[in-house]
Amino acid sequence: MKLLVLGGTHHVGRAVVETALERGDEVTTLNRGLSRDPAPGVRALLADRTDPEAVRRALGGQEWDAVIDTWAWAPRVVRDTARLLAGRAGHYGYVSSRGVHRWPWAAGADERAPLVDGNPASTDDADYAAAKRGGELAVLESFPEAALLARAGMILGPYEDVGRIPWWLRRLEKGGRVLAPAPAQTPLQYIDVRDLAIWLLQAAERGLSGAFTVTGPPGAITLGELLTTALDVTGFDTELVWAQPALLLRHGLPLGMEFGLRLPDGSAPSGMHDADVSAALAEGLTARPLRATLADTWAWLQAEGDPAPRADAPSPDTWLDATAEQRLLDHLAH
């Protein structure tokens, strides 16, 4: 395909670019050119997405078979770019989020679950759910029959800049005794970023449209399996000490929130890790083994170092009070 990736330097965008190049696609990226040099073989267009005129100049009169957009902030930016590309691309894939569904999420929900309100003309990105829904509506406005809305769940794997697995790997690397949020049998649902990229590109090639919940099969792994597999692939000499959520809450330790297992008030949300993904699976979504995701994430961290903290989220370095953790570990040892 002749592919345009809007972004292409971080997490999902980077995985899409690398996967597309492996497939033999002709890849163009559009971004500010500040984060990373373009990958070899990529044609890089430079523009600030928030400046429609700069984007218009960068795009020129070119056409593409497909566009992949990972924008996560003000919906108007998606609207402006989609309008510029209307009639010049055969497919528009927008990486959205399960967050567009109205809270609280029902257990076993699929694409038909209620949605939050969104405004495609909004310049506000304070409400992530509303911003992503506004982005969806912006794409549908210009590509009503050719829009793919990929409502992703928890995305793991190399290049993860949210900090979940990189943060855990660095904690485990220290060795000794490390707190973990019980119970170990808690199910987790996630997708490797490269599996998401493969599916997005295959869907673009086939002209697939509509909204899909895109994450791994429910019940495939547990939290205990994730952490013990991480220890296995890294070889760290670390002991996991499982602590019940109520105990963690009393000690002011937010463990579990990084995986969506609890809310700030300590309650356990429903629907986080049991989404119905049968529609995406029927359209070719596949999931690689957990071991491969964790091993490749660790290899990436060793090669490139920790990702820079996201500007729109607290630094992972501030997530856990080491003194409070040690106090609870000492308490549990007696």
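Structure's up top.
The paragraphs below set out a description of the structure included in this document. Please read these numbers as outputs of a predicted model, since none were measured by experiment. (Residues numbered from 1 in each chain as written. Predicted model: local features only at pLDDT ≥ 70, side-chain atom pairs only at ≥ 80, totals over all residues. Heavy atoms only, no water.)

### Focus: the overall build of the protein
Looking only at helices and strands, the protein features 11 helices and 13 strands. Relative to a compact globule of 334 residues, whose C-alpha radius of gyration would be 20 Å, the protein shows 20 Å and is just as compact. In terms of overall dimensions, the protein has C-alpha extents of about 70 × 40 × 35 Å along its principal axes. Partitioning the intrachain contacts of the protein with sequence separation of at least 6 by distance along the chain shows that 75% fall at a separation of at least 24. Counting only carbon and sulfur atoms, one obtains 51% of the accessible surface of the protein, whose full area is about 14,600 Å². Within the protein, one finds 32 positive and 44 negative side-chain charges whose respective centroids are separated by 3 Å. (Helix = DSSP H or I, 4+ residues; strand = E, 2+ residues; numbered from the N terminus. Rg over C-alpha atoms; globule rule 2.2 N^0.38 Å. Contact = heavy atoms within 4.5 Å. Areas by Shrake-Rupley, 256 points an atom, 1.4 Å probe, with all protein chains shown as cover. Lys, Arg positive; Asp, Glu negative; His and termini not counted. Charge placed at Lys NZ, Arg CZ, Asp CG, Glu CD.)

### Digging into the pairing of strand β1 (residues 2-6)
In terms of burial, β1 is a largely internal element, 4 of the 5 residues being buried. Pairing of β1 with strand β2 (residues 26-31), which is carried by 5 bridges, proceeds in the parallel orientation. Considered in β2, the bridge of L3 is made with V27. Taken together, β1, helix α1 (residues 11-23) and β2 form a β-α-β motif whose crossover is right-handed. Pairing of β1 with strand β4 (residues 66-69) involves 4 bridges; the strand directions are parallel. Within β4, the residue paired with L4 across the bridge is V67. (Buried < 20%, exposed > 50% of the residue type's maximum accessible area, 1.4 Å probe, protein only. Pairing = 2+ DSSP bridges. Right-handed = clockwise from strand over helix to strand, strands pointing away.)

### Overview of helix α4 (residues 128-142)
For the α-helix, the turn length of 3.6 residues means that residues three or four positions removed from each other point alike. Between its first and last C-alpha, α4 extends 22 Å over 15 residues, near the 21 Å set by a 1.5 Å rise per residue. Restricting attention to buried positions, one finds in α4 the residues A129, A131, K132, R133, G134, G135, E136, A138, V139 and S142. Those residues of α4 that are buried are in contact with α3 (75-85), β5 (92-97) and β6 (147-152). (Expected span 1.5 Å × (residues − 1).)

### Looking at the side chain of R194
Along the chain, R194 falls in helix α6 (residues 193-206). At 2.7 Å, the side chain of R194 and the side chain of D296 are in polar contact. Apart from residues lying up to four places away in sequence, R194 is in contact with P158, R288, A292, T293 and D296. (Polar contact = N/O pair within 3.5 Å; in protein donor to acceptor, adjacent residues only side chain to side chain.)

### Section: the nonpolar core
Among the nonpolar cores identified, the biggest contains 38 residues, and W168, L172, L179, L226 and F259 are the most heavily contacted of them. Elements represented by at least two residues in this core include exactly β7 (154-156), α5 (164-173), β8 (176-181), α7 (223-234), β13 (238-243), α8 (245-250), α10 (290-304) and α11 (322-332). Leaving out residues up to four positions away in the same chain, L172 has contacts with V178, L227, A230, L231, F236, T238 and L240. Counting 30 residues, the second largest nonpolar core, distinct from the first, contains V16, L148, A152 and V193. (Core = buried A, V, L, I, M, F, W, Y, C linked by side-chain atoms within 4.5 Å.)

### Section: the packing of aromatic side chains
Between two aromatic rings, the relevant description is the distance of the centres plus the angle of the planes. Tallied over the full model, the rule gives 8 aromatic pairs. Between Y92 and F143, the ring centres sit 5.1 Å apart and the planes meet at 50°, which makes this aromatic pair tilted. Linking Y92 in strand β5 with F143 in the loop between α4 and β6, this pair joins segments that are 51 residues apart in sequence. Comparing Y92 with F143 shows no difference in burial state: the two are buried. Both rings, one in Y159 and one in W300, keep their centres 5.9 Å apart while their planes meet at 85°; by these two values the pair is edge-to-face. Of this pair, Y159 sits in the loop between β7 and α5 while W300 sits in helix α10, and the two are 141 residues apart along the sequence. Neither residue differs from the other here; Y159 and W300 are each classed as buried. Aromatic ring contacts, followed pair by pair, group W167, W168 and W319 into a single cluster. Directly above the ring of W168 sits R171, whose terminal nitrogen or CZ lies 4.7 Å from the centroid. (Phe/Tyr/Trp six-rings, centres within 6.5 Å; stacked < 30°, edge-to-face > 60°. Lys NZ or Arg CZ within 6 Å of the ring centre and 35° of its normal.)

### Focus on unusual backbone geometry
Residue P104 is bonded to the preceding W103 through a cis peptide linkage, with omega at 0°. Residue placement: P104 occurs in the loop between β5 and α4. With phi around 35°, H11 is a residue other than glycine that occupies positive phi space. Looking at the element boundaries, H11 is found in helix α1. We classify H11 as buried; its relative accessible area is 9%. Here Y159, not a glycine, exhibits a phi torsion of approximately 75°, which is positive.

### Details of the packing of α1 against α6
Orientation of α1 relative to α6, taken along the N-to-C sense of each, is 60°, at an axis distance of 8 Å. Judged by the angle between their axes, α1 and α6 are oblique. Between α1 and α6 lies a crossing of right-handed hand. Each of H11, V12, A15, V16, T19, A20 and R23 in α1 lies in contact with α6, whose residues at this interface are V193, L196, A197, I198, L200, L201, Q202 and E205. (Axes fitted to C-alpha atoms, helices over the stretch in contact; angles between N-to-C directions. Parallel < 35°, antiparallel > 145°, perpendicular 65-115°, else oblique. Left-handed = near helix turned anticlockwise from the far one by under 90°.)

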